[in-house]
Amino acid sequence: MIKVKLIYNPSSGNGNFKNHLDYIIDRFQEREMQIEPYRINKKESMDRMLIHLKDREKEYNKVLIVGGDGTLHQVFNGLLKYDIDLPVGIIPAGTANDYARYLNLPNTMEALIDILLEDHYILSDVGFMNGKYFINVASVGNLIDISQKTKPELKNNLGILAYYIHGISELVNLKSFFIKITSEQMSYEGEIYFMILMNGKSAGGFHKIAPKASICDGLLEVVVFKKCPVYEFASLLLSVLQGEHIHNEHVMYFKTDEISITCDEKVGTDLDGEAGASFPLKVQVIPNKLKILTPISEKEMDGKLT
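To keep things clear, this report deals only with the structure shown in the data block. Everything quoted here is computed from the prediction, not taken from an experiment.

**Re the overall build of the chain**
Then step 1. What the chain contains, in helices and strands, is 10 helices and 15 strands.
Then step 2. Taking all 306 residues of the chain together, 53% fall into the buried category.
Then step 3. Expressed as a percentage of contacts within the chain between residues at least 6 apart in sequence, the contacts between residues at least 24 apart total 76%.
Then step 4. A total accessible area of about 14,400 Å² is found for the chain, and carbon and sulfur atoms account for 50% of it.

Structure (structure tokens):
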């Protein structure tokens, strides 16, 4: 019987995934596929599991990941570290689920499993910063670690609203910093509040923060929020909800496949909601690195994205 590795985070979202586990096992067994679950607890034990998976990769048909963006970041980094080249299916179970949102996955478990039982996949790009991969977003600045700071119980109880509440509370501490950005497409030296480098379209629940991004185009979408008067910055954040910020005079927006970032100040970085690297930063995109299970092709997907 063909094996399917299922890696799940029991703490993601409201922790209700366990209620679906028997249903998922049954659906896959009906198709002569054996679900082999792994419950995430410690990094060291997950490394051992991934080494075992790599040694027996031919026995497996695919990998399923259950969790939010932070879980996806952790597992994908492990899969890439050990060069495990299996198609990956995603069962969203986090707060924002930004990467999964890009894929237009269905809301019901039944429809989602229908997709994951099949073998249709797209080839997704990944980002790479100073030795670590990111699948959706890399960020630099004083507002970018909201996901790291927001308490898990607040996320579970309030969902995406928790990010907005915490983000508003952090505005009083907003400070600009001097940064140098270098790429083939754009160079800049000056003060900014924060910047994001997007593979997908949404981050922190802001669904149109990178409205022209594609996970299949070999490029990252860079959005830089430059220093501006506080009263203008507040209205700028509101424009992010509609995806209109990229036309604002205080925003620098471009696409690139490689960028260098330097800063002499102590400023945080973030990869998919997890702590990032220290300066100087070299960020690049690695095209067609992941096989992601979807119901439609890359071309059809780009046509359906909003």
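On we go from here.
**With respect to the pairing of strand β10 (residues 220-226)**
Then step 1. In terms of burial, β10 is largely enclosed, as 6 of its 7 residues are buried.
Then step 2. For strand β9 (residues 187-198) and β10, the ladder comprises 6 bridges, and the chain directions are antiparallel. Bridge pairing in β10 places Phe194 opposite Phe225.

**Side note on helix α1 (residues 21-30)**
Then step 1. Of all the residues in α1, the buried ones are Leu21, Ile24, Arg27 and Phe28. Along the axis of α1, the buried positions cluster into a sector of 130°, meaning they face one direction only. For α1, the exposed residues lying more than 90 degrees away from the buried face are Asp22 and Glu30.
Then step 2. The inward-facing, buried residues of α1 abut β1 (2-8), β2 (33-39), β3 (60-67), β4 (88-92) and α5 (109-116).

**Notes on the packing of helix α2 (residues 43-55) against helix α3 (residues 69-81)**
Then step 1. Here α2 crosses α3 at 45°, and the two axes come no closer than 10 Å. When the interaxial angle is binned, α2 and α3 end up oblique. Both α2 and α3 take part in a crossing whose hand is right-handed. In this structure, α2 uses Lys43, Met46, Asp47, Leu50 and Leu53 to contact α3, whose residues at the interface are Gln74, Val75, Gly78, Leu79 and Lys81.
Then step 2. Here the contact of α2 with α3 is composed, by residue class, of 5 nonpolar, 2 polar and 3 charged.

**Quick notes on the pattern of salt bridges**
Then step 1. Under the defined criterion, the tally for this structure stands at 12 salt bridges.
Then step 2. Here Asp47 and Lys43 are joined by a salt bridge, their closest N and O atoms 3.1 Å apart. Linking Asp47 with Lys43, this pair stays in helix α2, spanning 4 residues, or about one helical turn.
Then step 3. Residue Lys43 is classed as exposed on the basis of its relative accessible area of 52%.
Then step 4. Between Asp47 and Lys81 there is a salt bridge, with the nearest N and O atoms lying 3.7 Å from each other. Of this pair, Asp47 sits in helix α2 while Lys81 sits in helix α3, and the two are 34 residues apart along the sequence.

**Notes on the environment of Thr182**
Then step 1. The residue Thr182 is located in strand β8 (residues 177-182) in this model.
Then step 2. The exposure class assigned to Thr182 is partly exposed, which follows from its relative accessible area of 38%.
Then step 3. In sequence terms Thr182 and Ile261 are 79 residues apart; their C-alpha atoms lie 6.5 Å from each other.
Then step 4. Discounting chain neighbours no more than four positions away, the residues touching Thr182 are Ser187, Ile259 and Ser260.

**So, the packing of aromatic side chains**
Where two aromatic rings form a pair, the distance of their centres and the angle of their planes describe that pair.
Then step 1. Evaluation of the coordinates by the stated rule reveals 4 aromatic pairs.
Then step 2. Measuring from ring centre to ring centre gives 4.8 Å for Phe128 and Tyr133, while their planes differ by 55°; the resulting arrangement is tilted.
Then step 3. Consider the rings of Phe194 and Phe225, whose centres lie 4.5 Å apart with planes at 25°: the pair is stacked. Here Phe225 lies in strand β10 and Phe194 lies in strand β9, a separation of 31 residues in the sequence.

**What to know about the packing of α1 against α5**
Then step 1. Direction vectors running N to C along α1 and α5 enclose 40°, while the axes themselves pass 11 Å from each other. For the crossing formed where α1 meets α5, the hand is right-handed. Touching Tyr23, Ile24, Arg27 and Phe28 of α1 are Met109, Glu110, Ile113, Asp114 and Leu116, all from α5.
Then step 2. Here the contact of α1 with α5 is composed, by residue class, of 6 nonpolar, no polar and 3 charged.

Parameters and conventions
- Residues numbered from 1 in each chain as written.
- Predicted model: local features only at pLDDT ≥ 70, side-chain atom pairs only at ≥ 80, totals over all residues.
- Heavy atoms only, no water.
- Helix = DSSP H or I, 4+ residues; strand = E, 2+ residues; numbered from the N terminus.
- Buried < 20%, exposed > 50% of the residue type's maximum accessible area, 1.4 Å probe, protein only.
- Contact = heavy atoms within 4.5 Å.
- Areas by Shrake-Rupley, 256 points an atom, 1.4 Å probe, with all protein chains shown as cover.
- Pairing = 2+ DSSP bridges.
- Arc of directions from axis to C-beta.
- Axes fitted to C-alpha atoms, helices over the stretch in contact; angles between N-to-C directions.
- Parallel < 35°, antiparallel > 145°, perpendicular 65-115°, else oblique.
- Left-handed = near helix turned anticlockwise from the far one by under 90°.
- Nonpolar A, V, L, I, M, F, W, Y, C, P; charged D, E, K, R; others polar.
- Salt bridge = Lys/Arg side-chain N within 4 Å of Asp/Glu carboxyl O.
- Phe/Tyr/Trp six-rings, centres within 6.5 Å; stacked < 30°, edge-to-face > 60°.

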